[in-house]
Amino acid sequence: MPELILVLDAGTTSTRAMLFAADGTLRHVAQRELGQHYPQPGWVEHDASEIWDSTLACAREVAEVAGGASAIAAIGITNQRETVVAWDSQTGAPLHRAIVWQDRRTEPFCAELRAAGHEAEVQVRTGLLLDPYFSATKMRWLLDNSEQVRGAAERGTLRFGTVESWLVFKLSGGAHLTDASNASRTLLLALDGAQFDAGLCDLFGVPKSALPQVVDCEGQLATAQAKWLGGEIPVCGLAGDQQSATIGQGCLSPGETKATYGTGAFVLTNMGGAIPRSANRMLGTVLCQQSGQRTYALEGSVFVAGSLIQWLRDSLGFVTSAAETEALARSIPDSGGVTIVPALSGLGAPHWRADARGVITGLSFASGKAQIVRAALEAMAHQTHDLARAFAADGAPWGLLKVDGGMSANDWMAQDLSDMLGLEVERPEFVETTALGAAMLAGVGCGLFADLLVAANAMRGNVRRFSPAMEDDVRRERLARWRKALDAA
Ligand code: ADP
(Lines give C-alpha, C1' and ligand atoms only; values in the text may rest on other atoms or scores of the structure.)
Protein backbone atom coordinates (compact mmCIF):
# COMPACT_ATOMS: atom_id res chain seq x y z
CA MET A 1 0.00 0.00 0.00
CA PRO A 2 1.33 3.48 -0.86
CA GLU A 3 2.18 5.55 2.22
CA LEU A 4 2.23 9.14 1.00
CA ILE A 5 -0.62 11.55 1.73
CA LEU A 6 -1.54 14.53 -0.44
CA VAL A 7 -3.02 17.43 1.51
CA LEU A 8 -4.88 20.22 -0.28
CA ASP A 9 -5.00 23.34 1.91
CA ALA A 10 -7.37 25.89 0.40
CA GLY A 11 -6.67 28.93 2.56
CA THR A 12 -7.91 32.51 2.45
CA THR A 13 -4.86 34.06 0.85
CA SER A 14 -3.25 31.07 -0.81
CA THR A 15 -3.82 27.56 -2.05
CA ARG A 16 -1.33 24.84 -1.25
CA ALA A 17 -0.70 21.19 -1.92
CA MET A 18 1.56 19.33 0.51
CA LEU A 19 3.02 15.85 0.44
CA PHE A 20 3.35 14.02 3.77
CA ALA A 21 5.09 10.76 4.55
CA ALA A 22 3.47 8.43 7.09
CA ASP A 23 5.97 9.56 9.75
CA GLY A 24 4.76 13.16 9.38
CA THR A 25 7.71 14.34 7.31
CA LEU A 26 6.76 17.08 4.87
CA ARG A 27 8.18 16.01 1.50
CA HIS A 28 7.04 18.82 -0.77
CA VAL A 29 4.92 21.98 -0.86
CA ALA A 30 3.45 23.76 -3.88
CA GLN A 31 1.74 27.08 -3.30
CA ARG A 32 -0.14 29.76 -5.26
CA GLU A 33 -1.44 33.11 -4.05
CA LEU A 34 -5.18 33.62 -4.32
CA GLY A 35 -6.65 36.83 -5.75
CA GLN A 36 -8.77 38.88 -3.34
CA HIS A 37 -11.70 40.86 -4.73
CA TYR A 38 -13.21 43.79 -2.81
CA PRO A 39 -16.15 45.03 -4.92
CA GLN A 40 -17.46 47.30 -2.13
CA PRO A 41 -16.35 48.24 1.40
CA GLY A 42 -16.95 45.22 3.65
CA TRP A 43 -17.33 42.82 0.71
CA VAL A 44 -14.73 40.10 0.05
CA GLU A 45 -14.92 37.65 -2.86
CA HIS A 46 -12.80 34.86 -4.35
CA ASP A 47 -12.91 33.40 -7.83
CA ALA A 48 -13.93 29.76 -7.29
CA SER A 49 -12.50 28.75 -10.69
CA GLU A 50 -9.15 30.17 -9.59
CA ILE A 51 -9.33 28.16 -6.34
CA TRP A 52 -9.89 24.98 -8.35
CA ASP A 53 -7.29 25.77 -11.04
CA SER A 54 -4.63 26.62 -8.46
CA THR A 55 -5.46 23.58 -6.35
CA LEU A 56 -5.16 21.33 -9.39
CA ALA A 57 -1.89 22.92 -10.50
CA CYS A 58 -0.39 22.56 -7.01
CA ALA A 59 -1.68 18.98 -6.67
CA ARG A 60 -0.18 18.03 -10.04
CA GLU A 61 3.22 19.41 -9.02
CA VAL A 62 3.12 17.44 -5.78
CA ALA A 63 1.86 14.24 -7.44
CA GLU A 64 4.81 14.40 -9.82
CA VAL A 65 7.27 14.76 -6.94
CA ALA A 66 5.54 11.80 -5.26
CA GLY A 67 6.21 9.66 -8.33
CA GLY A 68 2.62 9.58 -9.59
CA ALA A 69 -0.85 8.85 -8.26
CA SER A 70 0.01 5.24 -7.43
CA ALA A 71 2.43 6.44 -4.72
CA ILE A 72 -0.32 8.43 -2.98
CA ALA A 73 -2.54 6.57 -0.52
CA ALA A 74 -5.11 9.29 -0.01
CA ILE A 75 -6.04 12.95 -0.33
CA GLY A 76 -6.91 15.09 2.69
CA ILE A 77 -8.53 18.50 2.26
CA THR A 78 -8.61 21.41 4.70
CA ASN A 79 -10.03 24.80 3.88
CA GLN A 80 -11.01 28.33 4.81
CA ARG A 81 -14.38 27.87 6.49
CA GLU A 82 -17.80 29.49 5.91
CA THR A 83 -16.93 30.81 2.41
CA VAL A 84 -19.78 30.00 0.01
CA VAL A 85 -19.44 28.73 -3.56
CA ALA A 86 -22.49 28.46 -5.85
CA TRP A 87 -22.17 26.37 -9.00
CA ASP A 88 -24.26 24.60 -11.63
CA SER A 89 -24.31 20.80 -11.48
CA GLN A 90 -24.68 20.53 -15.27
CA THR A 91 -21.88 22.85 -16.39
CA GLY A 92 -19.69 22.39 -13.31
CA ALA A 93 -19.02 26.14 -13.45
CA PRO A 94 -19.38 28.74 -10.67
CA LEU A 95 -22.48 30.93 -10.90
CA HIS A 96 -21.01 33.87 -8.96
CA ARG A 97 -17.79 34.75 -7.19
CA ALA A 98 -17.45 32.95 -3.86
CA ILE A 99 -18.49 35.09 -0.88
CA VAL A 100 -15.66 34.91 1.65
CA TRP A 101 -16.05 34.42 5.42
CA GLN A 102 -14.79 37.97 6.08
CA ASP A 103 -17.61 39.49 3.99
CA ARG A 104 -20.04 41.66 5.99
CA ARG A 105 -22.70 42.34 3.33
CA THR A 106 -25.41 40.32 5.06
CA GLU A 107 -25.32 42.30 8.31
CA PRO A 108 -28.75 43.90 7.60
CA PHE A 109 -30.35 40.44 7.15
CA CYS A 110 -28.65 39.22 10.35
CA ALA A 111 -29.92 42.29 12.21
CA GLU A 112 -33.44 41.59 10.90
CA LEU A 113 -33.30 38.02 12.19
CA ARG A 114 -31.89 39.17 15.54
CA ALA A 115 -34.63 41.81 15.86
CA ALA A 116 -37.22 39.12 15.14
CA GLY A 117 -35.87 37.22 18.16
CA HIS A 118 -34.29 34.26 16.36
CA GLU A 119 -30.79 34.37 17.85
CA ALA A 120 -31.41 32.39 21.05
CA GLU A 121 -32.94 29.46 19.18
CA VAL A 122 -30.31 29.56 16.44
CA GLN A 123 -27.55 29.56 19.05
CA VAL A 124 -28.99 26.57 20.90
CA ARG A 125 -29.51 24.59 17.70
CA THR A 126 -26.34 25.43 15.73
CA GLY A 127 -23.86 26.64 18.37
CA LEU A 128 -23.39 29.81 16.27
CA LEU A 129 -24.57 33.42 16.39
CA LEU A 130 -26.51 35.49 13.85
CA ASP A 131 -23.47 37.03 12.20
CA PRO A 132 -22.56 37.57 8.51
CA TYR A 133 -19.42 35.46 9.17
CA PHE A 134 -21.39 32.20 8.74
CA SER A 135 -22.57 30.74 5.40
CA ALA A 136 -26.38 30.71 5.39
CA THR A 137 -27.02 34.43 4.93
CA LYS A 138 -24.41 34.53 2.14
CA MET A 139 -26.34 31.77 0.30
CA ARG A 140 -29.54 33.73 0.74
CA TRP A 141 -27.86 36.86 -0.59
CA LEU A 142 -26.78 34.98 -3.74
CA LEU A 143 -30.34 33.75 -4.31
CA ASP A 144 -31.72 37.26 -3.85
CA ASN A 145 -29.10 39.08 -5.92
CA SER A 146 -27.76 36.82 -8.66
CA GLU A 147 -29.93 35.95 -11.64
CA GLN A 148 -27.60 33.08 -12.49
CA VAL A 149 -27.96 31.58 -9.04
CA ARG A 150 -31.74 32.02 -9.05
CA GLY A 151 -32.02 30.57 -12.56
CA ALA A 152 -30.07 27.47 -11.56
CA ALA A 153 -32.27 27.12 -8.46
CA GLU A 154 -35.35 27.16 -10.70
CA ARG A 155 -33.83 24.57 -13.05
CA GLY A 156 -32.87 22.40 -10.08
CA THR A 157 -29.15 22.53 -10.95
CA LEU A 158 -27.98 24.90 -8.20
CA ARG A 159 -25.29 23.51 -5.92
CA PHE A 160 -24.13 25.35 -2.81
CA GLY A 161 -21.08 24.35 -0.83
CA THR A 162 -18.16 25.53 1.24
CA VAL A 163 -14.72 25.29 -0.34
CA GLU A 164 -14.02 21.61 0.46
CA SER A 165 -17.38 20.76 -1.09
CA TRP A 166 -16.47 22.62 -4.28
CA LEU A 167 -13.09 20.88 -4.52
CA VAL A 168 -14.62 17.43 -3.95
CA PHE A 169 -17.21 18.13 -6.67
CA LYS A 170 -14.46 19.06 -9.13
CA LEU A 171 -12.06 16.27 -8.15
CA SER A 172 -14.71 13.54 -8.23
CA GLY A 173 -16.63 14.83 -11.23
CA GLY A 174 -19.95 15.28 -9.45
CA ALA A 175 -20.05 14.15 -5.78
CA HIS A 176 -21.84 16.79 -3.69
CA LEU A 177 -20.84 16.43 -0.07
CA THR A 178 -19.48 18.34 2.90
CA ASP A 179 -17.92 17.07 6.10
CA ALA A 180 -19.62 17.75 9.43
CA SER A 181 -16.91 20.16 10.66
CA ASN A 182 -17.46 22.46 7.68
CA ALA A 183 -21.22 21.91 7.74
CA SER A 184 -21.32 23.10 11.35
CA ARG A 185 -20.21 26.60 10.23
CA THR A 186 -23.17 27.26 7.94
CA LEU A 187 -26.01 27.95 10.47
CA LEU A 188 -27.95 25.22 8.61
CA LEU A 189 -26.78 22.18 10.59
CA ALA A 190 -28.23 21.49 14.03
CA LEU A 191 -25.37 20.26 16.23
CA ASP A 192 -27.38 17.11 16.98
CA GLY A 193 -28.72 16.58 13.44
CA ALA A 194 -27.11 14.21 10.95
CA GLN A 195 -28.04 16.25 7.86
CA PHE A 196 -28.89 19.89 7.12
CA ASP A 197 -31.98 20.99 9.00
CA ALA A 198 -35.22 21.75 7.12
CA GLY A 199 -36.38 24.29 9.73
CA LEU A 200 -33.09 26.20 9.62
CA CYS A 201 -33.13 26.12 5.79
CA ASP A 202 -36.63 27.67 5.92
CA LEU A 203 -35.53 30.34 8.38
CA PHE A 204 -32.66 31.47 6.14
CA GLY A 205 -34.52 30.88 2.87
CA VAL A 206 -32.01 28.36 1.48
CA PRO A 207 -33.37 25.36 -0.51
CA LYS A 208 -32.20 22.15 1.13
CA SER A 209 -32.03 20.51 -2.33
CA ALA A 210 -29.08 22.78 -3.24
CA LEU A 211 -27.06 21.67 -0.22
CA PRO A 212 -24.55 18.82 -0.04
CA GLN A 213 -24.85 15.59 1.88
CA VAL A 214 -23.12 15.78 5.28
CA VAL A 215 -20.47 13.07 5.69
CA ASP A 216 -17.72 12.01 8.14
CA CYS A 217 -14.35 13.77 8.34
CA GLU A 218 -12.51 10.55 7.50
CA GLY A 219 -13.20 7.40 5.48
CA GLN A 220 -13.61 6.58 1.79
CA LEU A 221 -15.45 9.84 1.10
CA ALA A 222 -15.00 10.34 -2.66
CA THR A 223 -12.57 9.48 -5.46
CA ALA A 224 -10.48 11.94 -7.44
CA GLN A 225 -10.85 11.06 -11.13
CA ALA A 226 -7.83 9.60 -12.92
CA LYS A 227 -7.75 12.46 -15.43
CA TRP A 228 -6.56 14.96 -12.83
CA LEU A 229 -3.49 13.35 -11.27
CA GLY A 230 -2.79 10.42 -13.59
CA GLY A 231 -4.67 7.80 -11.59
CA GLU A 232 -7.61 7.57 -9.20
CA ILE A 233 -6.90 8.64 -5.61
CA PRO A 234 -9.42 8.32 -2.78
CA VAL A 235 -10.36 11.44 -0.80
CA CYS A 236 -10.17 10.19 2.79
CA GLY A 237 -10.02 13.28 5.01
CA LEU A 238 -11.96 16.55 5.16
CA ALA A 239 -11.98 19.26 7.85
CA GLY A 240 -12.29 23.02 8.22
CA ASP A 241 -8.96 24.73 8.91
CA GLN A 242 -9.36 25.41 12.65
CA GLN A 243 -10.74 21.94 13.35
CA SER A 244 -7.93 20.45 11.29
CA ALA A 245 -5.33 22.41 13.29
CA THR A 246 -6.92 21.18 16.54
CA ILE A 247 -6.53 17.60 15.34
CA GLY A 248 -3.01 18.35 14.04
CA GLN A 249 -2.14 19.59 17.54
CA GLY A 250 -3.28 16.24 18.91
CA CYS A 251 -6.16 17.74 20.93
CA LEU A 252 -8.01 14.45 20.78
CA SER A 253 -9.37 14.21 24.35
CA PRO A 254 -11.91 16.39 26.15
CA GLY A 255 -10.34 19.53 27.64
CA GLU A 256 -7.37 19.61 25.27
CA THR A 257 -6.98 23.09 23.79
CA LYS A 258 -5.09 24.77 20.99
CA ALA A 259 -4.63 28.46 20.23
CA THR A 260 -3.51 29.63 16.80
CA TYR A 261 -1.91 33.09 16.79
CA GLY A 262 -1.97 34.43 13.24
CA THR A 263 -3.61 37.64 12.06
CA GLY A 264 -6.24 36.95 14.74
CA ALA A 265 -6.28 34.20 17.34
CA PHE A 266 -8.50 31.11 17.26
CA VAL A 267 -8.91 28.95 20.35
CA LEU A 268 -10.65 25.56 20.31
CA THR A 269 -11.20 23.17 23.19
CA ASN A 270 -12.16 19.54 22.57
CA MET A 271 -15.51 18.92 24.34
CA GLY A 272 -15.81 15.21 23.59
CA GLY A 273 -19.29 13.94 22.68
CA ALA A 274 -21.12 16.61 24.69
CA ILE A 275 -22.78 19.38 22.67
CA PRO A 276 -21.24 22.65 23.92
CA ARG A 277 -23.68 25.19 25.34
CA SER A 278 -21.98 28.52 25.93
CA ALA A 279 -23.27 31.14 28.33
CA ASN A 280 -20.45 33.46 27.21
CA ARG A 281 -21.15 33.76 23.48
CA MET A 282 -18.47 31.23 22.56
CA LEU A 283 -19.25 29.10 19.52
CA GLY A 284 -20.16 25.43 19.63
CA THR A 285 -18.87 23.55 16.63
CA VAL A 286 -18.23 20.05 15.29
CA LEU A 287 -14.56 19.19 15.77
CA CYS A 288 -14.74 15.86 13.96
CA GLN A 289 -17.21 13.21 12.83
CA GLN A 290 -16.16 9.56 12.53
CA SER A 291 -18.59 6.71 11.74
CA GLY A 292 -21.43 9.16 12.34
CA GLN A 293 -20.18 9.93 15.87
CA ARG A 294 -19.36 13.56 16.59
CA THR A 295 -16.73 15.15 18.76
CA TYR A 296 -17.52 18.78 19.52
CA ALA A 297 -15.41 21.82 20.30
CA LEU A 298 -15.95 25.15 21.99
CA GLU A 299 -14.41 27.95 19.95
CA GLY A 300 -13.49 31.52 20.80
CA SER A 301 -11.71 34.01 18.61
CA VAL A 302 -9.81 37.20 19.21
CA PHE A 303 -9.89 39.60 16.24
CA VAL A 304 -6.50 41.25 16.70
CA ALA A 305 -3.34 39.25 17.39
CA GLY A 306 -0.49 39.33 14.83
CA SER A 307 -2.20 42.24 13.07
CA LEU A 308 -1.26 44.40 16.10
CA ILE A 309 2.38 43.61 15.42
CA GLN A 310 1.88 44.40 11.73
CA TRP A 311 0.38 47.74 12.77
CA LEU A 312 3.42 48.52 14.97
CA ARG A 313 5.61 47.66 12.00
CA ASP A 314 3.72 49.20 9.06
CA SER A 315 1.80 52.14 10.55
CA LEU A 316 4.06 53.19 13.43
CA GLY A 317 7.40 51.96 12.09
CA PHE A 318 8.48 50.74 15.55
CA VAL A 319 10.05 47.57 14.11
CA THR A 320 11.10 46.52 10.64
CA SER A 321 10.16 42.87 11.16
CA ALA A 322 7.67 41.12 13.47
CA ALA A 323 10.49 39.00 14.90
CA GLU A 324 12.25 42.11 16.27
CA THR A 325 9.50 42.48 18.87
CA GLU A 326 11.05 39.65 20.87
CA ALA A 327 14.41 41.34 21.48
CA LEU A 328 12.68 44.65 22.29
CA ALA A 329 10.41 42.98 24.86
CA ARG A 330 13.44 41.31 26.45
CA SER A 331 15.42 44.56 26.56
CA ILE A 332 13.38 45.92 29.51
CA PRO A 333 12.19 44.32 32.78
CA ASP A 334 8.54 45.36 32.31
CA SER A 335 6.33 47.61 30.20
CA GLY A 336 6.70 50.48 32.69
CA GLY A 337 2.95 50.46 33.33
CA VAL A 338 1.99 50.72 29.63
CA THR A 339 -1.03 48.61 28.69
CA ILE A 340 -2.54 48.12 25.23
CA VAL A 341 -6.07 46.93 24.51
CA PRO A 342 -5.86 45.87 20.86
CA ALA A 343 -9.50 46.61 19.99
CA LEU A 344 -8.49 48.11 16.64
CA SER A 345 -11.44 46.36 14.97
CA GLY A 346 -13.61 45.91 18.05
CA LEU A 347 -13.35 43.18 20.67
CA GLY A 348 -14.20 39.53 19.96
CA ALA A 349 -14.78 36.77 22.49
CA PRO A 350 -15.59 36.99 25.33
CA HIS A 351 -16.39 40.73 25.20
CA TRP A 352 -18.13 40.97 21.80
CA ARG A 353 -17.98 44.72 21.51
CA ALA A 354 -17.85 45.65 17.83
CA ASP A 355 -17.91 49.31 18.90
CA ALA A 356 -14.84 49.12 21.19
CA ARG A 357 -11.66 50.81 19.96
CA GLY A 358 -8.01 50.33 20.89
CA VAL A 359 -6.41 52.18 23.79
CA ILE A 360 -2.88 52.60 25.17
CA THR A 361 -2.88 53.48 28.88
CA GLY A 362 -0.14 54.31 31.40
CA LEU A 363 2.07 56.42 29.13
CA SER A 364 4.77 58.55 30.75
CA PHE A 365 7.95 60.29 29.49
CA ALA A 366 9.76 57.05 30.33
CA SER A 367 7.62 55.13 27.79
CA GLY A 368 9.42 54.40 24.55
CA LYS A 369 9.26 52.00 21.67
CA ALA A 370 10.30 49.01 23.79
CA GLN A 371 7.58 49.60 26.39
CA ILE A 372 4.88 49.86 23.74
CA VAL A 373 6.10 46.81 21.84
CA ARG A 374 6.26 44.82 25.06
CA ALA A 375 2.75 45.96 26.00
CA ALA A 376 1.55 44.79 22.56
CA LEU A 377 2.95 41.30 23.15
CA GLU A 378 1.60 41.27 26.72
CA ALA A 379 -1.86 41.99 25.29
CA MET A 380 -1.87 38.51 23.70
CA ALA A 381 -1.60 36.85 27.11
CA HIS A 382 -4.21 39.24 28.55
CA GLN A 383 -6.71 38.48 25.79
CA THR A 384 -6.03 34.76 26.10
CA HIS A 385 -6.48 34.97 29.86
CA ASP A 386 -9.99 36.44 29.37
CA LEU A 387 -10.81 33.60 26.98
CA ALA A 388 -9.49 31.04 29.47
CA ARG A 389 -11.86 32.39 32.14
CA ALA A 390 -14.82 32.33 29.76
CA PHE A 391 -14.02 28.76 28.64
CA ALA A 392 -13.76 27.69 32.28
CA ALA A 393 -17.12 29.35 33.01
CA ASP A 394 -18.58 27.33 30.11
CA GLY A 395 -17.30 24.10 31.68
CA ALA A 396 -14.13 23.82 29.59
CA PRO A 397 -11.14 24.63 31.83
CA TRP A 398 -7.77 24.30 30.08
CA GLY A 399 -5.14 21.93 31.44
CA LEU A 400 -2.42 22.87 28.95
CA LEU A 401 -2.35 25.22 25.98
CA LYS A 402 -0.97 24.06 22.64
CA VAL A 403 0.02 27.03 20.48
CA ASP A 404 0.79 27.51 16.79
CA GLY A 405 0.51 30.17 14.08
CA GLY A 406 3.09 32.70 12.89
CA MET A 407 3.14 34.65 16.14
CA SER A 408 3.80 31.59 18.30
CA ALA A 409 7.38 31.61 16.97
CA ASN A 410 7.98 34.39 19.51
CA ASP A 411 9.56 32.63 22.53
CA TRP A 412 9.04 35.64 24.79
CA MET A 413 5.31 35.64 24.04
CA ALA A 414 5.02 31.86 24.55
CA GLN A 415 6.67 32.23 27.97
CA ASP A 416 4.45 35.20 28.86
CA LEU A 417 1.36 33.16 27.92
CA SER A 418 2.49 30.39 30.24
CA ASP A 419 3.23 32.88 33.03
CA MET A 420 -0.06 34.75 32.77
CA LEU A 421 -2.25 31.67 32.34
CA GLY A 422 -0.37 29.72 35.00
CA LEU A 423 -0.36 26.81 32.54
CA GLU A 424 2.14 24.76 30.59
CA VAL A 425 2.31 26.04 27.00
CA GLU A 426 3.37 23.58 24.31
CA ARG A 427 4.59 24.49 20.83
CA PRO A 428 5.27 21.90 18.12
CA GLU A 429 8.51 22.13 16.14
CA PHE A 430 6.43 21.50 13.01
CA VAL A 431 4.00 24.41 12.98
CA GLU A 432 1.91 23.44 9.91
CA THR A 433 -0.72 21.90 12.17
CA THR A 434 -3.64 22.67 9.84
CA ALA A 435 -2.22 20.58 7.02
CA LEU A 436 -1.03 17.91 9.46
CA GLY A 437 -4.57 17.48 10.82
CA ALA A 438 -5.91 16.83 7.31
CA ALA A 439 -3.06 14.37 6.69
CA MET A 440 -3.90 12.53 9.94
CA LEU A 441 -7.60 12.31 8.98
CA ALA A 442 -6.75 11.05 5.48
CA GLY A 443 -4.28 8.55 6.97
CA VAL A 444 -6.97 7.13 9.24
CA GLY A 445 -9.57 7.31 6.48
CA CYS A 446 -7.50 5.18 4.10
CA GLY A 447 -6.52 2.64 6.74
CA LEU A 448 -2.88 3.67 7.15
CA PHE A 449 -3.57 4.28 10.87
CA ALA A 450 -6.07 2.58 13.18
CA ASP A 451 -7.29 5.86 14.68
CA LEU A 452 -6.35 9.51 15.22
CA LEU A 453 -4.34 8.77 18.35
CA VAL A 454 -2.15 6.31 16.42
CA ALA A 455 -1.87 8.87 13.60
CA ALA A 456 -0.88 11.60 16.07
CA ASN A 457 1.81 9.40 17.62
CA ALA A 458 3.18 8.54 14.18
CA MET A 459 3.00 11.95 12.55
CA ARG A 460 3.43 14.61 15.25
CA GLY A 461 7.02 15.55 15.90
CA ASN A 462 8.80 17.09 18.87
CA VAL A 463 7.36 19.86 20.99
CA ARG A 464 8.83 22.57 23.17
CA ARG A 465 7.29 23.31 26.56
CA PHE A 466 7.11 26.63 28.40
CA SER A 467 6.36 26.45 32.16
CA PRO A 468 4.92 29.20 34.36
CA ALA A 469 7.56 31.06 36.35
CA MET A 470 5.96 34.42 37.20
CA GLU A 471 5.40 35.68 40.75
CA ASP A 472 1.71 35.82 41.70
CA ASP A 473 1.79 39.49 42.61
CA VAL A 474 3.26 40.42 39.20
CA ARG A 475 0.49 38.48 37.47
CA ARG A 476 -2.17 40.10 39.67
CA GLU A 477 -0.83 43.58 38.97
CA ARG A 478 -0.79 42.94 35.22
CA LEU A 479 -4.38 41.68 35.21
CA ALA A 480 -5.59 44.61 37.31
CA ARG A 481 -4.00 47.04 34.82
CA TRP A 482 -5.55 45.14 31.92
CA ARG A 483 -9.04 45.30 33.44
CA LYS A 484 -8.74 49.04 33.97
CA ALA A 485 -7.59 49.53 30.38
CA LEU A 486 -10.46 47.35 29.10
CA ASP A 487 -12.93 49.67 30.80
CA ALA A 488 -11.38 52.55 28.87
CA ALA A 489 -11.77 50.68 25.57
P1 ADP B 1 -2.19 34.15 8.99
O2 ADP B 1 -2.25 32.65 8.83
O3 ADP B 1 -3.35 34.73 9.73
O4 ADP B 1 -1.87 34.87 7.72
P5 ADP B 1 0.38 33.63 10.28
O6 ADP B 1 0.10 32.44 11.09
O7 ADP B 1 1.20 33.50 9.05
O8 ADP B 1 -0.95 34.45 9.97
O9 ADP B 1 1.09 34.70 11.26
C10 ADP B 1 1.49 35.94 10.81
C11 ADP B 1 1.30 36.99 11.90
O12 ADP B 1 2.19 36.71 12.98
C13 ADP B 1 1.63 38.37 11.41
O14 ADP B 1 0.55 39.23 11.76
C15 ADP B 1 2.91 38.78 12.13
O16 ADP B 1 2.82 40.12 12.54
C17 ADP B 1 2.93 37.86 13.34
N18 ADP B 1 4.30 37.39 13.67
C19 ADP B 1 5.10 36.62 12.92
N20 ADP B 1 6.27 36.37 13.55
C21 ADP B 1 6.20 37.00 14.75
C22 ADP B 1 7.08 37.12 15.87
N23 ADP B 1 8.27 36.51 15.90
N24 ADP B 1 6.65 37.86 16.92
C25 ADP B 1 5.44 38.45 16.92
N26 ADP B 1 4.57 38.36 15.89
C27 ADP B 1 4.94 37.65 14.83
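Let us look at the structure shown here. Bear in mind that the values here come from a model prediction, so they are computed numbers and not experimental data.

### Points about helix H16 (residues 452-459)
Next, step 1: Taken together, the buried positions of H16 are occupied by Leu452, Ala455, Ala456 and Met459. With its buried residues spanning 100° around the axis, H16 presents them on a single face. Away from its buried face by more than 90 degrees, H16 exposes Leu453 and Asn457.
Next, step 2: Each element contacted by the buried residues of H16 is listed here: strand E2 (14-20), helix H10 (241-248), strand E15 (283-290) and helix H15 (433-445).
Next, step 3: Between the side-chain oxygen at the start of H16 and the backbone nitrogen of Leu453 there is a gap of 3.0 Å, and the oxygen is on Asp451.

### What about the nonpolar core?
Next, step 1: Within the largest apolar cluster, 88 residues are counted, with the highest numbers of intra-cluster contacts made by Leu158, Phe160, Leu188, Phe204, Tyr261 and Trp398.
Next, step 2: Beyond its immediate sequence surroundings of up to four residues, Leu158 is in contact with Ala86, Trp87, Leu95, Leu143, Val149, Ala152, Ala153 and Ala210.
Next, step 3: By size, the runner-up hydrophobic cluster in this structure holds 42 residues, among which are Ala48, Trp87, Leu177 and Leu229.

### Quick word on the sheet that holds strand E20 (residues 425-428)
Next, step 1: Taken in spatial order, the seven strands line up as E15-E16-E14-E13-E19-E20-E21 in an open sheet, and their pairing is mixed. Two strands bound the open sheet, and with one partner strand each, they are E15 and strand E21 (463-466). Adjacent strand axes in the sheet meet at a mean angle of 25° when their direction is disregarded.
Next, step 2: As defined by bridge partners, E20 adjoins E21 across four bridges and the pair is classed as antiparallel. What sits directly across from Arg427, in E21, is Arg464.

### Digging into the site of the ligand
Next, step 1: Neighbouring the ligand are 13 residues, the closest being Thr263, Gly306, Gly406, Met407 and Asn410.
Next, step 2: Between Thr325 and the ligand, the recorded distance is 3.5 Å, taken from a side-chain N or O atom to a nitrogen atom.
Next, step 3: Contacts to the ligand include Gly406, whose backbone N or O atom sits 2.8 Å from an oxygen atom.
Next, step 4: Relative to its unbound accessible area of 580 Å², the ligand is 67% covered by the protein chains.
Next, step 5: Cavity membership is defined here by more than half of the atoms lying within 2 Å of grid points; on that basis the ligand lies in the second largest pocket.
Next, step 6: Per element, the largest residue contribution to the shell around the ligand is four residues, and it comes from helix H11 (residues 306-314).

### So, the environment of Asp53
Next, step 1: For Asp53, the location among the structural elements is in helix H1 (residues 48-66).
Next, step 2: Residue class for Asp53 comes out partly exposed when judged on its relative accessible area of 47%.
Next, step 3: Taking the C-alpha atoms as reference points, Asp53 and Gln31, 22 residues apart in sequence, are found 12 Å from one another.

What counts as what
Residues numbered from 1 in each chain as written. Predicted model: local features only at pLDDT ≥ 70, side-chain atom pairs only at ≥ 80, totals over all residues. Heavy atoms only, no water. Buried < 20%, exposed > 50% of the residue type's maximum accessible area, 1.4 Å probe, protein only. Helix = DSSP H or I, 4+ residues; strand = E, 2+ residues; numbered from the N terminus. Arc of directions from axis to C-beta. Contact = heavy atoms within 4.5 Å. Polar contact = N/O pair within 3.5 Å; in protein donor to acceptor, adjacent residues only side chain to side chain. Core = buried A, V, L, I, M, F, W, Y, C linked by side-chain atoms within 4.5 Å. Pairing = 2+ DSSP bridges. Axes fitted to C-alpha atoms, helices over the stretch in contact; angles between N-to-C directions. Near = heavy atom within 4 Å. Areas by Shrake-Rupley, 256 points an atom, 1.4 Å probe, with all protein chains shown as cover. 1 Å grid on protein atoms, 1.4 Å probe; cavity = no way out; pocket = protein on both sides within 12 Å on 5 of 7 lines; lining within 4 Å. Sits in = over half its atoms within 2 Å of the grid points.

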